[in-house]
Amino acid sequence: MTKFKIKLASILLVFGISFGMITNVATSFNAEPTVTAEAATLSASQKKQIAKINSGLSKKQKAAKKWIAYRESRYSYTARNGNCYGRYQLLKSYLHGNLSAVNQEKTANKYVAGRYGTWTKAKSFWQHHHWY
């Protein structure tokens, strides 16, 4: 009877640890910060201009755009990676010397519209290639 209790306790312990690890791994894939420090540094005017730029996007398109921004730069308008810059990691040449958040938003929308048609299609491409 004692060996049975030890085996049962061992099995439950292993199962409990495994389940806990699986749960932690699964939740870590979905974890995304909802507020960024960078958003707080934008002026009211910039926030208003960005809202206007994105006003034509559906809720689904905005969500896809946000998803890409998180993966490309963790929402940072000042992120750098070689010749890529900003929230959407656009080539600096696309920004024509204007690295402002407002210009990044405008340029990203133009880039995605021209290359993919929609942000959801850009997201799908990103999911398969890890870039867009």
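Quantities reported herein were computed from a predicted structural model and do not represent experimental measurements. Here, residues in each chain are numbered from 1, in the same order as that chain's written sequence. It should be noted that, the model being predicted, local features are given only for residues of pLDDT at least 70 and side-chain atom pairs only at 80 or more, the latter also being counted only at that level, while totals for whole chains, interfaces and linings use all residues. Hydrogens and water are ignored here; the side-chain numbers use all heavy atoms of the structure.

Engineer: I'd love a proper account of the overall build of the protein, names of residues and values included.
Structural biologist: Helix and strand definitions here come from DSSP, where helices need a minimum of 4 consecutive H or I residues and strands a minimum of 2 consecutive E residues; each element is numbered from the N-terminal end. When helices and strands are tallied, the protein shows seven helices and three strands. Reading the helices (α) and strands (β) of the protein from amino to carboxyl end gives α-α-α-α-β-β-β-α-α-α. For every residue, the accessible area obtained with a 1.4 Å probe (protein chains only) is divided by the maximum for its type, and the residue is called buried under 20%, exposed over 50%, and partly exposed between those limits. Scored against the burial criterion, the 132 residues of the protein give a buried share of 30%. In what follows, residue pairs with any heavy atoms lying within 4.5 Å of each other are defined as contacts. For the protein, the proportion of contacts with a sequence separation of at least 24, taken over those separated by at least 6, is 43%. Residue burial considers only the protein chains on display, and all accessible areas are found by Shrake-Rupley using a 1.4 Å probe. Accessible surface, the protein as shown: approximately 9,000 Å² in total, 62% of it carbon and sulfur.

Engineer: Explain unusual backbone geometry residue by residue, including any values.
Structural biologist: Look at Q89: it is not a glycine, yet its phi comes out positive at around 50°. Taking the relative accessible area as the measure of exposure, Q89 reaches 11% and is therefore buried.

Engineer: Before we move on, can you summarise the pattern of salt bridges with the specific residues and values?
Structural biologist: Two side chains bearing opposite charge may form a pair once their charged atoms approach each other closely. The rule for a salt bridge is simple: a side-chain nitrogen of Lys or Arg has to be within 4 Å of a carboxyl oxygen of Asp or Glu. Evaluation of the coordinates by the stated rule reveals two salt bridges. For the salt bridge of K65 with E105, the shortest nitrogen-to-oxygen distance reads 2.6 Å. One end of the pair, K65, is in helix α4 (residues 59-73); the other, E105, is in helix α6 (residues 101-115), with 40 residues separating them in the sequence. The exposure class of E105 is buried, given its relative accessible area of 2%. In this structure, E105 engages R87 in a salt bridge whose closest nitrogen and oxygen atoms are separated by 3.9 Å. Of this pair, E105 sits in helix α6 while R87 sits in the loop between β2 (84-85) and β3 (90-91), placing them 18 residues apart in sequence. Each member of the pair, E105 together with R87, is buried.

Engineer: I'd love a proper account of helix α7 (residues 119-129), names of residues and values included.
Structural biologist: If you check which residues of α7 are buried, you get W119, A122 and W126. Projection of α7 onto a plane perpendicular to its axis shows the buried side chains occupying an angular sector of 55°, all on one side. Of the residues in α7, the exposed ones pointing more than 90 degrees away from the buried face are K121 and H128. Buried residues along α7 sit against α4 and α6. It is the directions from the helix axis to the C-beta atoms whose arc is reported.

Engineer: A description of the nonpolar core should follow, citing residues and the corresponding values.
Structural biologist: Note on terminology: a nonpolar core comprises buried Ala, Val, Leu, Ile, Met, Phe, Trp, Tyr and Cys residues joined through side-chain atoms within 4.5 Å. Counting residues in hydrophobic clusters, the biggest one holds 19 residues, and the most contacted among them are Y88, L90, V112, W119 and Y132. Of all the secondary-structure elements, those providing two or more residues to this core are α4, α6 and α7. With five residues, the top contributor of residues to this core is α4. Discounting chain neighbours no more than four positions away, the residues touching Y132 are I68, E72, Y88, L90, Y111, V112, Y116, W119, A122, F125 and W126. Grouped together as the second largest cluster of nonpolar side chains are five residues, L42, I50, Y77 and A101 included.

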